[in-house]
Amino acid sequence: MAAIEVEGLCKLYRTRIKEEGLKASFRALTRPVYKEVKAVDNISFTVEQGEILAFIGPNGAGKSTTIKMLTGILHPSSGRLSVLGMDPATQRRRLSYRIGTVFGQKSQLWFHLPPMDSFVLLGAIYDIEKAVLKKRIDELAERFEIGDLLKTPVRKLSLGQRIRCEVAASLLHSPDILFLDEPTIGLDVVAKHRIRELILQMNREQGTTIFLTSHDTGDMEQLCRRAIVIDHGRIILDEPVKKLKYDYMNRKIIAVRFTGEYKLKEIDGITLEKSGRLGARLSVDTRVCSIDEAMRWLIAQGGVADITVEDPPMEDIIASIFEGGGQSLGGGR
Amino acid sequence: MAKLRKYLVVTRISLQNVIAYRSSALGGLLFYSLFIFVFFNLWRAIYKGGEVTGYSLTQMIWYLCITELVVFGCRSGVYNQMNDDVKSGSIAYQLNRPYHYVMFQFFNALGNMVFNLVIYGILAIILGLIMAGPIPGFSFASLPFALISVFLGIIINFFFMITLGLTAFRLEENFAFYLIYQKLVFMLGMFIPVEFLPKWLQSIALYLPFSYVAWAPARLVVAFSWDLFWQVIPVQLVWALVSILMSLGMYSYGVKGIQAHGG
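## Digging into the packing of aromatic side chains
- Scanning the entire structure with this criterion turns up 41 aromatic pairs over all chains.
- Between Tyr97(A) and Tyr126(A), the ring centres sit 6.3 Å apart and the planes meet at 80°, which makes this aromatic pair edge-to-face. Of the two residues, Tyr97(A) is situated in the loop between α3 (92-96) and β5 (99-103) and Tyr126(A) in the loop between α4 (115-125) and α5 (130-144); the sequence distance between them amounts to 29 residues.
- Taking the relative accessible area as the measure of exposure, Tyr126(A) reaches 6% and is therefore buried.
- One aromatic cluster is present, built from ring pairs that chain together Phe31(B), Tyr32(B), Phe35(B), Phe39(B), Phe72(B) and Tyr120(B).

What follows is the structure, given as structure tokens:
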């Protein structure tokens, strides 16, 4: 059964526009000019129960707006929405018992109180019986390794610790679907990895459907089998992550610094993007040349002082999707 | 019953929260004392020029302590809180929960208000006793009835505040409403009792809600009379009901067109 069904969903925002200058300010007082912005532009997709879906795209692509519509906070301008068979806009309260949300940039925990107090409050709000709640908290505390943190005021927790508590808080009422909006934003590599593992575990053991937005390609690679890429409110790609990875995420960026003057011998699959006197930026096509090969080649050049390997930013991946003609879904715009 | 339990837990947690964050109350206590002290001196100077009808100096000082208590005690921060929540987008967390948002805000604010009323109440009694001493002929038997009026004043104040605060769901900037409301409560009863206003303004003020937040309850505490009680309570009940209905209406209107900012 489908957990989420979306058809032709649109969200228009009306924002006031004002030109520069004092004169324009006065004019805007009497005759405000509005501009319509399409935050979400006619998107359709289905998420099956138990699936982990990545909803990715650059900042301002419409990811959060979509989540807010799916959870009933924003009302769609047009289109059809069904979450667990309910209409979020009109059945928000009933739906809220069965979904959980985590907004990575916001907190649902009381800042001055230990997470335990927030958990008790949420337990009451979701009408969870005391004994059941206690069992659930113990279970989540063990799984998320937050047992020691539950008695510490939230303001004293590190971001990674806090996010673990946030995710646990959103799972207290055992939701069928968990919406995660940028859950790993601002976390270091280790903490990111932790959160991803926990999410995977929840999905595997409890069959929780997971809808995740992110602009971190790592979240998608490590968590999801399927990804939807959105840009300017439109779906530009809806594919298995494997295929996406092969088609578009086949590049790594290597930044290298040398101890002295250097000379690079050409090799297939590696292109020089930028070079300075002591350093260079290389782009590696991993389909032609593996990272392993690239490293060996680089070391062979001699005199390497430092190497950093990065994924290309989301924006670049999206650009390459457009360039590639976007074989699915009508090729974007 | 199960429903009420949910909201009482909200109040309990918010009370725990203000207690954990009590240092913020200290500044308020200082400000309250300063305010009372300034007006105490002002009224003393005025009364030197002759007795003012309706209130003895002692009653006036107590009146001052109580109106300020209502206003300071009611400071729940709900207005700013809602504004911040909409602007930062945290509102997303508060809306998709199985409770009524307005009721949640009320019981949440109640925790703050209980805490504030207790600490400001103690301070008000101490300051009143130091500066004015006990009111001659004060009847403790009528105090509970006066407190009903205090309670209704708090309800009116809260629900007007939340009605205005909810405009944040639709408007980019709504701070002006807050200022206007605050000043009306201040001018029509807090700064000076309604009896001291010009006759024409008095007759208007008695039909408006603002004087029933601070003036009516404070008057009943310092100079209780059954006549006034039966005159004030029905009006307060009507305004309490109106403000509650307005807040519910504003909520259902606002939530349909909420502009959720912040990504």
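## Re unusual backbone geometry
- The phi torsion at Leu84(A) lies on the positive side, around 50°, for a residue other than glycine.
- Within the element layout of this structure, Leu84(A) appears in the loop between β4 (78-83) and α3.

## What about the sheet that holds strand β10 (residues 251-258) of chain A?
Residue and element names in this part refer to chain A.
- Pairing is antiparallel across the open sheet formed by four strands, whose spatial order is β11-β12-β10-β13. In this open sheet, the two edge strands, each paired with only one partner strand, are β11 (270-275) and β13 (304-310). Along the sheet, successive strands turn relative to each other by an average axial angle of 25°, direction set aside.
- Bridge count for β11 against strand β12 (residues 279-285) is five bridges, and the pairing is antiparallel. Within β12, the residue paired with Lys274 across the bridge is Arg281.
- Sheet strands touched by helix α10 (residues 291-300): β10, β11, β12 and β13. Its angle to β13, the strand with the most contacts, is close to 160°.

## Observations concerning the confidence of the model for chain B
Residue and element names in this part refer to chain B.
- Per-residue confidence for chain B gives a mean pLDDT of 87, with 97% of residues at or over 70.
- For chain B, helix α4 (residues 78-88) is the element with the lowest average pLDDT, namely 82, and helix α11 (residues 226-256) is the one with the highest, namely 94.
- Both confidence scores are given for the complex: pTM 0.83, ipTM 0.84.

Reading the values: rules and limits
- Residues numbered from 1 in each chain as written.
- Chains lettered and ligands numbered in written order.
- Predicted model: local features only at pLDDT ≥ 70, side-chain atom pairs only at ≥ 80, totals over all residues.
- Heavy atoms only, no water.
- Phe/Tyr/Trp six-rings, centres within 6.5 Å; stacked < 30°, edge-to-face > 60°.
- Helix = DSSP H or I, 4+ residues; strand = E, 2+ residues; numbered from the N terminus.
- Buried < 20%, exposed > 50% of the residue type's maximum accessible area, 1.4 Å probe, protein only.
- Pairing = 2+ DSSP bridges.
- Axes fitted to C-alpha atoms, helices over the stretch in contact; angles between N-to-C directions.
- Contact = heavy atoms within 4.5 Å.
- pLDDT = per-residue confidence, 0-100.

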